[in-house]
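# What the coordinates show
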Amino acid sequence: MPERAQPDQEPGHRHEDSQVPAVRPPAQRAAGRKAEAGGHQKGRRLGQPDQVLRIPALHHGQGPPHQRGVGQHPGRDGRRYQPLHPGLPAAAGQSGCGAVQGGPLVPQAQRTLLEIRQQRLQKLAELRELGYDPYPYRFEVSHRSADLQNLDDDAFPDDVRVAGRVVSVRRMGKASFVHLQDVDGRQQIYLKRDNIGEAAYEELFGRVDLGDFLGVRGAVFRTRTGEITVEVRELTLLSKSLRPLPNLKEKDGEIFDPFEDKENRYRRRYLDLIVNPEVRVHFMNRAKIIRHLRESLDGHGFVEVETPALQPLYGGASARPFTTYHNTLDQTLYLRIADELYLKRLIIGGFEKVYELAKDFRNEGMDRSHNPEFTMLEFYQAYADYHQMMDFTEKLIRGAASATGELQLTYRGQEIDLSAPFGRATYWGLLQKHGGPALAGLTTAEEVRSAAEQLGHNLPDELNFGQLLDKLFGILVEPHLIQPTFVMDHPKAISPLAKAHRDGDPALVERFELFIGGLEIANAFSELNDPIEQRSRLEAQAELASAGDEEAQTLDEDFLEAMEFGMPPTGGVGIGVDRLVMLLTGQESIKDVILFPAMRPGPS
RNA sequence: GACUCGGUAGCUCAGAUGGUAGAGCAGUGGCCUUUUAAGCCAUUGGCCGUGGGUUCGAGUCCCACCCGAGUCACCA
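Now for a look at the structure at hand. (Residues numbered from 1 in each chain as written. Chains lettered and ligands numbered in written order. Predicted model: local features only at pLDDT ≥ 70, side-chain atom pairs only at ≥ 80, totals over all residues. Heavy atoms only, no water.)

### Some points on the pattern of salt bridges
Applying the stated criterion to the full structure yields 32 salt bridges. Between Glu304 and Arg294 there is a salt bridge; the shortest N-O distance is 2.8 Å. Of the two residues, Glu304 sits in strand β9 (residues 303-304) while Arg294 sits in helix α9 (residues 277-299), which places them ten residues apart along the sequence. For Asp385, the salt bridge identified is with Arg502, shortest N-O distance 2.8 Å. Here Arg502 lies in the loop between β18 (485-488) and β19 (511-516) and Asp385 lies in the loop between β14 (373-382) and α11 (386-404), a separation of 117 residues in the sequence. The buried category is assigned to Asp385, whose relative accessible area is 18%. (Salt bridge = Lys/Arg side-chain N within 4 Å of Asp/Glu carboxyl O. Helix = DSSP H or I, 4+ residues; strand = E, 2+ residues; numbered from the N terminus. Buried < 20%, exposed > 50% of the residue type's maximum accessible area, 1.4 Å probe, protein only.)

### Some details on the packing of helix α15 (residues 531-546) against helix α16 (residues 557-564)
At their nearest, the axes of α15 and α16 sit 9 Å apart, and the two run at 160° to each other. Between α15 and α16, the interaxial angle falls into the category roughly antiparallel. Between α15 and α16 lies a crossing whose hand is right-handed. Across the interface between the two elements, Pro531, Gln534, Arg535 and Leu538 from α15 touch Glu557, Phe559, Leu560, Met563 and Glu564 from α16. Residues belonging to the contact of α15 with α16 are distributed by class as follows: five nonpolar, one polar and three charged. (Axes fitted to C-alpha atoms, helices over the stretch in contact; angles between N-to-C directions. Parallel < 35°, antiparallel > 145°, perpendicular 65-115°, else oblique. Left-handed = near helix turned anticlockwise from the far one by under 90°. Contact = heavy atoms within 4.5 Å. Nonpolar A, V, L, I, M, F, W, Y, C, P; charged D, E, K, R; others polar.)

### Quick word on the side chain of His370
Relative to the helices and strands, His370 resides in the loop between β13 (353-361) and β14. Separated by 2.8 Å, the side chains of His370 and Asp367 make a polar contact. (Polar contact = N/O pair within 3.5 Å; in protein donor to acceptor, adjacent residues only side chain to side chain.)

### A few points about the sheet that holds strand β3 (residues 175-181)
If you trace the five strands once around the closed barrel, you get β2-β3-β4-β6-β5, paired in mixed fashion. On average, each strand axis in the sheet is inclined to that of its neighbour by 55°, with strand direction left out of account. (Pairing = 2+ DSSP bridges.)

### Structural notes on the nonpolar core
Among the nonpolar cores identified, the biggest contains 44 residues, and Leu377, Phe379, Phe512, Ile575, Leu580 and Leu584 are the most heavily contacted of them. Take this core: its biggest share by element is eight residues, from α11. Once you skip the residues sitting within four places of it in the chain, Phe512 turns out to touch Tyr386, Met389, Met390, Thr393, Phe486, Val487, Met488, His490, Ala522, Asn523, Ala524 and Val573. Membership of the second largest hydrophobic core comes to 26 residues, among which are Leu130, Val160, Leu191 and Val216. (Core = buried A, V, L, I, M, F, W, Y, C linked by side-chain atoms within 4.5 Å.)

### Observations concerning helix α10 (residues 340-348)
Counting buried residues along α10, seven of its nine residues qualify, which places the element largely inside the surrounding structure. Within α10, the full set of buried residues consists of Glu340, Leu341, Tyr342, Leu343, Lys344, Arg345 and Ile347. For α10, the secondary structure elements touched by its buried residues are β10 (310-311), β13, β14, β20 (519-526), α16 and β21 (570-576). Two residues or fewer past α10, Gly350 is found with a positive phi of approximately 115°.

### Some points on the packing of aromatic side chains
Evaluation of the coordinates by the stated rule reveals eleven aromatic pairs. Pairing Tyr314 with Tyr334 gives two aromatic rings, centres 4.9 Å apart and planes at 65°, and the pair type is edge-to-face. With Tyr314 in the loop between β10 and β11 (323-326) and Tyr334 in strand β12 (residues 331-335), the pair connects residues that are 20 residues apart, well separated along the chain. Through a chain of ring-to-ring contacts, three or more aromatic side chains come together here, namely Phe177, Tyr190 and Phe221. It is Arg161 that lies over the ring of Phe139; its NZ or CZ is 4.9 Å from the centre. The side chain of Arg171 reaches across the aromatic face of Phe205, ending 4.3 Å from its centre. (Phe/Tyr/Trp six-rings, centres within 6.5 Å; stacked < 30°, edge-to-face > 60°. Lys NZ or Arg CZ within 6 Å of the ring centre and 35° of its normal.)

### Re the environment of Glu564
Relative to the assigned elements, Glu564 resides in helix α16. Separated by 32 residues in sequence, Glu564 and Ile532 have C-alpha atoms that sit 8.1 Å apart. Leaving out residues up to four positions away in the same chain, Glu564 has contacts with Pro531 and Arg535.

Below, the structure is given as structure tokens:
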């Protein structure tokens with residue numbers, strides 16, 4: 001239960017990018033580039049996306065008969081065109097590039113971005129005039145880049161069809177090398193005028209830019225320099241690009257002029273994905289992790305359900321909500337901050353194992369580990385207690401980690417071992433371990449405050465007992481929770497939905513939070529199922545709320561009524577999926593595991 | 001919310017003490033039929049984040065604001 005599965009600051013982790021590869025100092029960059037060509041300046045190391053990105057070949061099937069290769073190639077020798085409009089501006093009077101009036105494409109220029117775009121629009125118009133469809137409907141792909149790159153030399157097929165985005169072009173007069181990028185990686189193609197025909201080479205390829213999509217058909221061979229390459233017989237333009245991509249070059253895994261401006265990368269993630277292959281890898285891994293979570297829960301008999309994201313009353317966590325309004329109902333609604341109370345209604349309704357994997361929304365600050373909308377997994381099991389949920393959670397996390405590779409990982413410079421049994425320690429035990437024996441048996445806000453002062457920490461005045469204690473825990477203990485650790489048996493004051501501890505201390509509940517690498521990953525309880533007790537706990541929260549605690553939980557009568565019909569003993573767990581992904585993919589900012597993180601509106 | 005750093009060409013970045021905005025890549029024109037940061041020659045391109053101010057003169061100094069990153073605070 002995500003009473004607060006989006007945890008807080010992680011004090012004590014300020015290490016900067018220890019594993020971020022060195023980028024060549026700017027000053028050297030421009031200056032040295034030419035002079036040292038072939039040298040070994042430091043560039044940023046490329047990730048090795050391909051190992052994680054393997055995707056089975058999409059094996060061809062011919063297209064349906066009616067599909068007769070629309071736009072697949074302009075005719076064997078590029079012959080399917082009509083004469084240019086006589087008045088086509090660009091073609092007039094220039095010479096050079098084409099059999100038809102293919103000459104210099106843009107006569108004179110203004111050249112801002114606008115004009116690069118103008119040039120490309122010009123090429124687009126000329127291609128249409130020449131009879132090429134710049135936006136055809138489909139292309140049958142026989143191999144992806146990874147399929148070809150893995151071939152043995154004696155097994156090179158002589159008829160393959162590959163497609164991708166043009167990411168590099170090396171023109172050498174009447175022959176050219178081009179790299180096409182697809183999901184797996186890059187495939188070099190070799191275009192020779194004598195192979196594809198003068199028209200296709202000059203008219204069509206002459207108007208191809210970085211960023212365009214091409215489809216080609218040809219034979220596989222290995223070049224003199226050893227790269228597996230497609231020698232093209234037929235060239236098809238699949239999409240014309242009108243804007244220049246960030247251009248960066250790569251050699252031996254080093255990247256020059258990397259596209260790394262965070263703002264630009266987050267705002268235009270598609271460019272980030274095109275140009276920074278490791279980004280795609282992280283999101284592929286995110287998908288694998290989520291798939292593993294689902295498969296694992298399904299495999300254990302959990303039923304996936306969907307509950308309202310728009311709720312008349314928010315609850316199940318301590319957080320401020322987003323508020324919205326339904327016109328027809330004439331009703332204020334809140335975006336959910338947790339699924340908890342609805343999932344419990346389903347347990348009451350007779351589902352014994354349910355889960356929901358969904359977005360929650362919390363109207364709070366943003367930082368490296370908080371995004372206003374984030375992905376939460378919650379699962380509930382009837383007749384189970386928090387010990388069982390702890391064991392299951394441990395397996396679930398370990399399994400998710402193996403889905404992306406390693407059980408030993410480095411996060412923020414710390415070695416973390418997920419293969420060893422996760423640590424288990426009690427909340428108060430940890431407080432005393434890291435703060436001293438004086439931290440035993442505190443029961444009032446004043447005691448917490450003065451204990452904190454003794455340790456040299458001044459806590460804000462306006463906080464209540466639970467808030468103070470939690471803050472102190474954050475300061476004293478959380479920075480030490482690097483190896484996987486279940487923190488158990490929290491104070492009742494900060495756990496209004498958890499069942500009192502069975503061992504008799506009325507101030508404790510049966511709850512655990514899992515910390516790994518300083519991140520709070522999971523939060524779980526033996527769920528409180530005594531409706532009378534639940535009512536008084538929520539009433540206590542309501543009092544906190546009226547005393548100014550903006551995040552105290554709401555008193556949900558409908559939920560209490562449901563519980564009065566009888567709810568079985570239940571274990572429930574909430575897992576912050578984004579943080580789990582951060583950990584398993586080594587990302588230090590939640591923005592790097594969310595494709596489109598929240599941003600302020602930028603310049604138009 | 002506070003503080004620090006940053007915002008200059010499509011991309012990556014230079015632009016001491018204020019004095020006509022630069023480089024590489026990309027683009028454009030030319031040469032080049034196995035290249036791969038291809039190469040060679042030529043060449044274009046700027047609301048210097050926005051708005052005020054100081055000054056004969058501001059990318060540079062001052063003020064305010066916008067956007068981002070980071071740290072802290074808030075939050076749990």
